[in-house]
Amino acid sequence: MLELLKDIWGFMQTRKKFWLAPIILILLLFGFLIIFSQGSAIAPFIYTIF
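> Which residues make up the overall build of the protein chain, and what values go with them?
Helices and strands together make up the secondary structure of the protein chain, namely three helices and zero strands. The helix and strand sequence of the protein chain, counted from the amino end, reads α-α-α. Principal-axis analysis of the C-alpha atoms gives the protein chain an extent of 45 × 20 × 10 Å. Across the 50 residues that make up the protein chain, the buried fraction comes to 8%. Roughly 4,500 Å² of accessible area belongs to the protein chain as shown, and the carbon and sulfur atoms make up 76% of that amount.

Structural data, given as structure tokens:
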């Protein structure tokens, strides 16, 4: 996992595509939100967003 992050950072650094960082961060946050909210009381509210 750490190697993947290093590769992504290296790609963004060499290609000057730093605008990808916020997009990747938001996608990761949504992913963690969906994974950790399954089976909890928050789940019905999360599913209405999507």
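> I'd like a rundown of unusual backbone geometry, residues and numbers included.
The phi angle at Lys16 is positive, at roughly 60°, despite the residue not being glycine. Looking at where Lys16 falls in the secondary structure, it is placed in the loop between α1 (2-15) and α2 (20-37). Among the residues examined, Lys16 registers a relative accessible area of 62% and is labelled exposed.

Thresholds, definitions, all that
- Counting restarts for each chain, with residues numbered from 1 along the sequence as it is written.
- Where totals are concerned, whole chains, interfaces and linings use all residues; where local detail is concerned, this predicted model gives features only for residues with pLDDT of at least 70, and gives and counts side-chain atom pairs only at 80 or more.
- In computing side-chain values, all of the structure's heavy atoms are included and hydrogens and water are not.
- In this description a helix means any DSSP run of H or I spanning at least four residues, a strand means any run of E spanning at least two, and both kinds are numbered starting from the N terminus.
- Throughout this description, buried means an accessible area under 20% of the type-specific maximum (1.4 Å probe, protein chains only), exposed means over 50%, and partly exposed covers the range between.
- Note on areas: these come from Shrake-Rupley sampling with a 1.4 Å probe, and a residue is covered only by the protein chains present in the view.

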